[in-house]
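Each chain, written out:
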Amino acid sequence: IGGMVLHRGGIAEMATGEGQTLVATLPLYLNALTGKNAQLVTVNDYVARRDRVIKTLGYRIGPDEITDVLHASGQILEAVVTGEPDAERGQRIVAWVVLKPGVDLQSLTRHCRAELPAYMQPSRYEMRDDLPRLPSGKYDIEALSRSVSG
């Protein structure tokens, strides 16, 4: 059905990720055969989130689960959670945070210990004055990683 909508020039929004490109290939092919301009653009948040999953100690953790707990503390302005390679764990959890004025890191750490299971505890907290962003407004994860390694 999505393919028919696209072939007629409509917009088909699909909630799941893996089938979007497949559904679009038939109308793309038909339009190309008839000499019409044929372009395919997909935006796939599911794959982007899947690729950010942190694999540690045999667990698969979505960084947003930890970020939500950090924000729920009421002690931060911004936070990003990433994984970095670790020989023993697979990945080590790193929390990049911008603390609210007057908040100390020990208080935030206590909150996370009380709210998160041990395997979801950040191994390291990186405090920053701000977190780098891409032109799209999303956090620049690569820039954060480079700021530690380089």
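All of these numbers come straight from a predicted model, not from anything done at the bench.

### A short note on the packing of helix H4 (residues 63–72) against helix H5 (residues 105–115)
Link 1 in the chain: Taken N-terminus to C-terminus, the directions of H4 and H5 make an angle of 125°; their axes are 10 Å apart at the nearest point. Between H4 and H5, the angle falls in the class oblique. The handedness of the crossing between H4 and H5 is right-handed. Contacts between H4 and H5 pair Val 69, Leu 70 and Ala 72 from the former with Leu 108, His 111, Cys 112 and Glu 115 from the latter.

### Comments concerning the confidence of the model for the protein chain
Link 1 in the chain: When pLDDT is averaged along the protein chain, the result is 84, and 81% of the positions lie at 70 or above.
Link 2 in the chain: Averaged over each element, pLDDT in the protein chain is lowest for helix H3 (residues 45–51) (47) and highest for H5 (97).
Link 3 in the chain: Contacts for the low-pLDDT stretch residues 46–50, under 50 throughout, to residues beyond four places or in other chains number four contacts.

### Comments concerning H5
Link 1 in the chain: Three or more residues of H5 are buried, namely Leu 108, Thr 109, His 111 and Cys 112. The arc that holds the buried residues of H5, viewed along the axis, is 160°, so those residues lie on one side. Residues of H5 that are exposed and point over 90 degrees away from its buried face: Gln 106, Arg 113 and Ala 114.
Link 2 in the chain: Lining the buried residues of H5 we find H4, strand S3 (76–86), strand S4 (90–99) and strand S5 (124–127).

### Some points on the packing of aromatic side chains
Link 1 in the chain: In this structure the tally under the stated criterion is one aromatic pair.
Link 2 in the chain: An angle of 10° between the planes, with centres 3.7 Å apart, marks the rings of Tyr 59 and Tyr 119 as stacked. With Tyr 59 in strand S2 (residues 59–61) and Tyr 119 in the loop between H5 and S5, the pair connects residues that are 60 residues apart, well separated along the chain.
Link 3 in the chain: Assessed through its relative accessible area of 40%, Tyr 59 is described here as partly exposed.
Link 4 in the chain: In this structure, Arg 133 is placed above the aromatic ring of Tyr 139, and the distance from its NZ or CZ to the ring centre is 4.1 Å.

### Details of the side chain of Asp 140
Link 1 in the chain: Here Asp 140 lies in the loop between S5 and helix H6 (141–149).
Link 2 in the chain: A polar contact of 3.1 Å, which involves the side chain of Asp 140, links it to the backbone nitrogen of Ala 143.
Link 3 in the chain: The residues contacting Asp 140, other than those within four sequence positions of it, are Pro 132, Arg 133, Leu 134 and Arg 146.

### Concerning the pairing of S4
Link 1 in the chain: Of all ten residues making up S4, seven are buried, and the element is well covered by its neighbours.
Link 2 in the chain: Where S3 lies against S4, ten bridges are found, and the strand directions are antiparallel. The residue of S4 that forms the bridge with Gly 83 is Ile 93.
Link 3 in the chain: Hairpin remark: S3 followed by S4, antiparallel, with three residues in the connecting loop.

### Quick look at the pattern of salt bridges
Link 1 in the chain: Inspection of the entire model under this criterion finds six salt bridges.
Link 2 in the chain: The partner of Arg 92 in a salt bridge is Glu 84, with the nearest N and O atoms 2.6 Å apart.
Link 3 in the chain: Arg 92 gets classed as partly exposed once you look at its relative accessible area, which sits at 25%.
Link 4 in the chain: Assessed through its relative accessible area of 16%, Glu 84 is described here as buried.
Link 5 in the chain: A salt bridge links Arg 92 to Asp 86; the shortest N-O distance between them is 2.5 Å.
Link 6 in the chain: Because the salt bridges share partners, they merge into one network encompassing Glu 84, Asp 86, Arg 92, Arg 124, Glu 126 and Arg 128.

What counts and what doesn't
Residues numbered from 1 in each chain as written. Predicted model: local features only at pLDDT ≥ 70, side-chain atom pairs only at ≥ 80, totals over all residues. Heavy atoms only, no water. Axes fitted to C-alpha atoms, helices over the stretch in contact; angles between N-to-C directions. Helix = DSSP H or I, 4+ residues; strand = E, 2+ residues; numbered from the N terminus. Parallel < 35°, antiparallel > 145°, perpendicular 65-115°, else oblique. Left-handed = near helix turned anticlockwise from the far one by under 90°. Contact = heavy atoms within 4.5 Å. pLDDT = per-residue confidence, 0-100. Buried < 20%, exposed > 50% of the residue type's maximum accessible area, 1.4 Å probe, protein only. Arc of directions from axis to C-beta. Phe/Tyr/Trp six-rings, centres within 6.5 Å; stacked < 30°, edge-to-face > 60°. Lys NZ or Arg CZ within 6 Å of the ring centre and 35° of its normal. Polar contact = N/O pair within 3.5 Å; in protein donor to acceptor, adjacent residues only side chain to side chain. Pairing = 2+ DSSP bridges. Salt bridge = Lys/Arg side-chain N within 4 Å of Asp/Glu carboxyl O.

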